[in-house]
Amino acid sequence: MIFLVLSLVFSTIISQVTCLGEIIYALNAGGDSFTDSNGIRYRRDFLSDGVASDYGRSLDIKRVPAQDKLLYQTERYSPETFSYSISMPSNDAEYVLWLKFSEVWFNAPNLKVFDVALNDAIILKDLDIYANVGRGVAHDEIIPFQIRKNKLIVEGKSYPFNGEIKVEFIKGDLDNPKINAIVVMKGTPDQVPKLAPNEPEEPEDDDDLLENELDEFEENEEENEQIKARRQMRQMQEKQEEVKKPSKKKTYEFEEEVEDPYAADESSYLIPILVTLGAFIPILFCLCKLK
C-alpha cells in the first residue's frame, strides 16, 4: 500500500516536471537574461523600439512564485506600435505563443487598452490588463497556433509564413501597448504551467467605508483648524513685531527741525564792521593830534 502511494506521488511529480513543452524562444522584455522556476531561460531584450522599464520592481507581483516576479516587473512599452520577429523551426508542428503581462502603472480599467497580432492576425483584441486581474498581478495569455505546409494557422485561419513569426503590439487610443515576457513553445496549451488563482482584495463593507470616510473628514477638518490657528497666531506675532521695531523707511516731513543759530541773527554780520570801526577810530584820533 505504501509503495503504491509513493509511486503515485512520484509519478505526479514527474508528470509535472516533464509537462513543459520544448521551448523555442523566451524573452524577458525590457530586462536582462533570466531563468524562471520552470527552468526556462529567457534572453535579454535588445530591441531598440520603445522603452525598457523596471518600474514594476516597486510592486510585489501576485499569482507567481518569488523567483518569477522579475518577469512581470520588467517590461517594454512604446508610444507607437512595436513588434518582435522570432525565427521558427521548419518542420510542421503545434506551437503555443505564451505572453506574460502585468499592469504596474494604472489603478483603474479602460486606461491602457491595445491589440496584439501574430503575423497580421489579431489574436488579442482590446486587451485591458487591469480589467482582467487588477494592478500588480500576473496575467498570462496563451495562444495556440500551427505551422502546416508553409502556412501559419491561427484560430482556423491560415496566413503566410516565411520561417518566422512576428508578434506585434498595436497602439490604440488608450495609452501605450506593452509586454513583460514572451515564450514560444512547441506543444499544446495544456503543457503551459498555470498561474495561481487570482484572489482580488475583498471590498470594504459599507459601514467600514463610511466610518473611514468620516474619520478622514474629521482628520482633515481638525488639520484645517490647526492651520487656521497657526496662521492667526503668526499674524498676531508679525503685528507685535512691527510695533516694537522702528520703521526702516526714511521719512523727512515729520522729522524735528533743528534751528540754525546763525540763520535768523543779522547781528552776526555787524560784528566785523564794529570791530573794524573800533580799531580805526583811535588811529584817526592820533592822526588828528599829529597835525
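In this report, we go over the structure that sits alongside the text. Everything quoted here is computed from the prediction, not taken from an experiment. (Residues numbered from 1 in each chain as written. Predicted model: local features only at pLDDT ≥ 70, side-chain atom pairs only at ≥ 80, totals over all residues. Heavy atoms only, no water.)

With that settled, the discussion passes to the overall build of the protein. Across its full length, the protein holds five helices and 15 strands. Taken over 291 residues, the protein has a buried fraction of 30%. With an accessible surface of roughly 20,500 Å², the protein has 54% of that area assigned to carbon and sulfur atoms. (Helix = DSSP H or I, 4+ residues; strand = E, 2+ residues; numbered from the N terminus. Buried < 20%, exposed > 50% of the residue type's maximum accessible area, 1.4 Å probe, protein only. Areas by Shrake-Rupley, 256 points an atom, 1.4 Å probe, with all protein chains shown as cover.)

Another point: the sheet that holds strand S15 (residues 181-186). Strand order across the open sheet formed by six strands is S1-S15-S7-S10-S11-S12, with antiparallel pairing between neighbours. On the outer flanks of this sheet lie strand S1 (22-28) and strand S12 (157-160), each paired with one strand and no other. This sheet shows a mean twist of 25° between the axes of neighbouring strands, independent of strand direction. As paired elements, S1 and S15 share six bridges and run antiparallel to each other. Residue pairing in the sheet places Leu27 in a bridge with Ile182 of S15. (Pairing = 2+ DSSP bridges. Axes fitted to C-alpha atoms, helices over the stretch in contact; angles between N-to-C directions.)

Let's shift gears to the pattern of salt bridges. Scanning the entire structure with this criterion turns up eight salt bridges. Linking Asp60 and Lys69 is a salt bridge whose minimum nitrogen-to-oxygen distance equals 3.0 Å. According to the relative accessible area criterion, Asp60 is exposed, its value standing at 55%. With a relative accessible area of 16%, Lys69 lands in the buried category. Across the pair Glu75 and Lys178 runs a salt bridge, and its minimum N-O distance is 2.4 Å. Taken together, the residues Glu75 in strand S5 (residues 75-77) and Lys178 in strand S14 (residues 178-179) connect sequence positions 103 residues apart. In this pair, the class of Glu75 matches that of Lys178, namely buried. (Salt bridge = Lys/Arg side-chain N within 4 Å of Asp/Glu carboxyl O.)

With that settled, the discussion passes to the pairing of S15. For S15, the buried fraction is high: five of the six residues fall into the buried class. With six bridges connecting them, strand S7 (residues 93-101) and S15 associate as antiparallel partners. Paired with Tyr95 across the strands is Lys186, a residue of S15.

So, on to the packing of aromatic side chains. A full pass over the atoms with the stated rule returns seven aromatic pairs. Pairing Phe82 with Tyr84 gives two aromatic rings, centres 6.2 Å apart and planes at 75°, and the pair type is edge-to-face. For Phe82, a relative accessible area of 2% corresponds to the buried category. Classification of Tyr84 as buried rests on a relative accessible area of 5%. Every member of this aromatic cluster is reached through a ring pair, and the members are Phe82, Tyr84 and Phe169. (Phe/Tyr/Trp six-rings, centres within 6.5 Å; stacked < 30°, edge-to-face > 60°.)

Strand order in this open sheet of four strands is S6-S13-S8-S9, and the pairing throughout is antiparallel. Since the sheet does not close on itself, it has two edges, and those belong to strand S6 (82-87) and strand S9 (121-127), each with one partner. Across the sheet, the axes of successive neighbouring strands diverge by a mean angle of 15°, strand direction being ignored. In this sheet, S9 lies alongside strand S8 (residues 113-118) in antiparallel orientation, the contact comprising four bridges. Looking at the pairing, Ala117 lines up with Ile122 of S9.

Here Arg76 is to be found in strand S5. Within the structure, Arg76 has its side chain in polar contact with the backbone oxygen of Asp49 (distance 2.7 Å). (Polar contact = N/O pair within 3.5 Å; in protein donor to acceptor, adjacent residues only side chain to side chain.)

Counting 35 residues, the largest nonpolar core has Leu97, Leu99, Phe101, Phe145, Ile165, Phe169 and Ile182 as the members making the most contacts within it. At five residues, S7 tops the list of elements feeding residues into this core. Among the nonpolar cores identified, the runner-up in size contains 17 residues, and Ala26, Phe34, Ile40 and Leu71 belong to it. (Core = buried A, V, L, I, M, F, W, Y, C linked by side-chain atoms within 4.5 Å.)

The backbone phi angle of Asn119 is positive, close to 50°, even though this residue is not glycine. Locating Asn119 in the fold gives a position in the loop between S8 and S9.

Inspection of the secondary structure puts Ile86 in strand S6. Residue Ile86 is classed as buried on the basis of its relative accessible area of 0%. Note: C-alpha distance between Ile86 and Ile165 (79 residues apart in sequence) is 5.3 Å.

So, on to the environment of Phe145. Counting through the fold element by element, Phe145 comes out in strand S10 (residues 139-148). Look at Phe145 and you get buried, because its relative accessible area is 2%. C-alpha of Phe145 to C-alpha of Tyr95: the two residues are 50 residues apart in sequence and 5.4 Å apart in space.

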